[in-house]
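Report on the structure
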Amino acid sequence: MTAGLEGSPPGLSRRRFLESLGGMGGSALLLGGMSALGLGIESATAGPPALSGGGGRKIVILGAGVAGLTAAYELSRAGYDVTVLEARSFAGGRCQTARKGFTLTELGGETQTCDFDDGHYINHGPWRIPYHHHSTLHYTKEFNIPLEVFVNDNDASYVMYGKGKGPLAGKPLRKGQVAADIRGGAAEVLAKSVKQGALDQSMSAEDRERFLAYLVNEGYLDSDLAYRGTDGRGYDVLPGAGVSPGPGKASTPYAFQDVLNSGAWKTVRSVAGFEQQRTMFQPVGGMDQIAKGFEAKVGNLIRYSTVVKTLRQSDKGVEITYAGPDGQTGKLKADYCLCTIPLSVLRQMDIQASKPFKAAIGAVSYALVGKIGLQMKRRFWEEDHSIYGGHVYFDDPEILTMTLPSTGWQGRKGVIQGYYQFGAQAAKVSALSPAERQALASRAGDRVFPGYSDNIESSFSAAWHRIEHNLGGWAQWSDEARVSAYPVLCEPDGRLYLAGEHLSYLTGWQAGGIESAWQQITKLHARIQAEGGKA
């Protein structure tokens, strides 16, 4: 990109202009600028493109993850002759659910076979869907995949911060009580400051009264502007029937200074994150129900246990060399190739592409991620602690969060996600054996729930950076690579197109893979139609 922009200073290239946008305003401003330039990298549509007239042109899709499945479904419906090559014996890519009989062998690790009871599972890949991921929800609706609420935040759950100071450090604290007390204490301090004239110079008298009214409401302050607790944090004596004392005053709050020193307030937010709402969705029965929904439509197009060895292309088509389920080498010719293989894997493969394209493939890193599922004998978190779903938060990077199931309410057993790690800690824990990983999760659980480790019946863990056909959880683009490499990969290199969550601003989410596929098949279809339907 060397041509100057209209109205830009002489010598200002698109690349330099976009780099300056990224430097000034980060990825949000950068995305807006690229969109304004018509570079077409954003993808936020709610439905697939309307395609027709494929005319039997041959398209080979590499990878049967969510992006590859999306492309196969939409292209085949448009009349294209589609073949999907998938290295695994099942579809879904990282959209995986471990249940009884599921087997995983990590690179350099021992084989695990999940032996959870029937009906129990762990989504060790994607596990929740935001309400605004319209593309994912489009297919759950189209394939009649029932959804249920995923409890992503629960005031009844615990915060376990052991690195803080004071009497609350290292103790399991109810998240709702922490939230009430830190907000109440902060509102009291601020309200009293306002009353003493701290804002007289910056606010009118009328505005100060409105602000005080807000603080009283937000912090549950009494008429003297003191926070003394709220019924939302619970009662010391619970209400009930009979003549015994009913609810009196709310439970005694923690001292404001103690809550501050504990560090537990770090889990409190007034507004949920854009991609982390307090309630989200999950498919009933496991996240792999989405992949199974696609398989029901295009499973006949997929060649399973087929590993791509080489990709060659010319101005007439592409040729793929692969090793089939029997280990024998075969070749497949097509007019175009849509590759959805993660870039962490693709960069190690023998593909014919331009030097700039290959350099761009190598410009992104992938997240180190680890999870573990623990089947419990009984649902003690519900029975003994009245916690239904949500996360237990730790300041221990080897654990970070423990997640309680949002399904099977009041059943006999359940599967807890015992940890969720990232980065260096995920790498460290991934070096442990499955038994050692379970022991690590057990020790953390015992700090919060007495008898936690005694309740564990079996476990299943996964470290995505050690899984052969993924080599990471999701793409992690630097700001610089978003400018220099990302746009290169969003365009075809000869007859090779890429798609996947890595070609989106929704990295790590299934919606990123789906919408990337929509974008790329739209470009491919337009190209074929412009050529009169001839490849």
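Before going into details, it helps to say that this report is about the structure given with it. All of these numbers come straight from a predicted model, not from anything done at the bench. (Residues numbered from 1 in each chain as written. Predicted model: local features only at pLDDT ≥ 70, side-chain atom pairs only at ≥ 80, totals over all residues. Heavy atoms only, no water.)

Turning next to the overall build of the chain. The secondary structure content of the chain amounts to 15 helices and 24 strands. Viewed in the frame of its principal axes, the chain has a C-alpha envelope of about 85 × 65 × 40 Å. Long-range pairs, those at least 24 residues apart, make up 69% of the contacts in the chain between residues at least 6 apart in sequence. For the chain, the computed accessible surface area is about 23600 Å², with 52% contributed by carbon and sulfur atoms. (Helix = DSSP H or I, 4+ residues; strand = E, 2+ residues; numbered from the N terminus. Contact = heavy atoms within 4.5 Å. Areas by Shrake-Rupley, 256 points an atom, 1.4 Å probe, with all protein chains shown as cover.)

The sheet built from 4 strands is open, its strands ordered β14-β13-β12-β16 with mixed pairing. Each edge of the sheet is formed by a strand with only one pairing partner; in this case those strands are β14 (329-334) and β16 (350-351). Sheet topology places strand β12 (residues 307-313) next to strand β13 (residues 318-323); 6 bridges connect them, and they run antiparallel. Looking at β13, one finds that Val307 is bridged to Ala323. (Pairing = 2+ DSSP bridges.)

Attention now goes to the environment of Pro325. By the element assignment, Pro325 lies in the loop between β13 and β14. Looking at Pro325, the relative accessible area reads 65%, which means it is exposed. Residues Pro325 and Thr306 lie 19 residues apart in sequence; the distance between their C-alpha atoms is 5.9 Å. Contacts of Pro325, omitting those with residues within four sequence positions, involve Tyr304, Ser305 and Thr306. (Buried < 20%, exposed > 50% of the residue type's maximum accessible area, 1.4 Å probe, protein only.)

Below, the discussion takes up the sheet that holds strand β1 (residues 58-62). If you walk across this open sheet you meet the 5 strands as β11-β2-β1-β15-β24, and the pairing is parallel. In this open sheet, the two strands that pair with only one neighbour each are β11 (302-303) and β24 (496-498). Bridging between strand β15 (residues 336-339) and β24 involves 3 bridges; their strand directions are parallel. Of the residues in β24, the one forming a bridge with Cys337 is Leu496.

Once that is clear, we can look at the packing of helix α3 (residues 134-142) against helix α15 (residues 510-530). Their axes nearest at 8 Å, the elements α3 and α15 cross at an angle of 85 degrees. Accordingly, the angle class assigned to the pair α3 and α15 is roughly perpendicular. Here α3 contributes Ser135, Thr136, His138 and Tyr139 to the contact with α15, which in turn contributes Gln510, Ala511, Ile514, Glu515 and Trp518. A breakdown of the residues in the contact of α3 with α15 according to their chemical character gives 4 nonpolar, 4 polar and 1 charged. (Axes fitted to C-alpha atoms, helices over the stretch in contact; angles between N-to-C directions. Parallel < 35°, antiparallel > 145°, perpendicular 65-115°, else oblique. Nonpolar A, V, L, I, M, F, W, Y, C, P; charged D, E, K, R; others polar.)

What follows concerns the pattern of salt bridges. If you walk through the whole model with that rule in mind, you get 28 salt bridges. Here Glu106 makes a salt bridge to Arg437, at a shortest N to O gap of 2.8 Å. Remark: Arg437 occurs in helix α12 (residues 434-448) and Glu106 occurs in the loop between β4 (103-105) and β5 (111-113); sequence separation between them is 331 residues. Among the ionic pairs, Asp224 bridges to Arg228, the shortest N-O distance being 2.6 Å. (Salt bridge = Lys/Arg side-chain N within 4 Å of Asp/Glu carboxyl O.)

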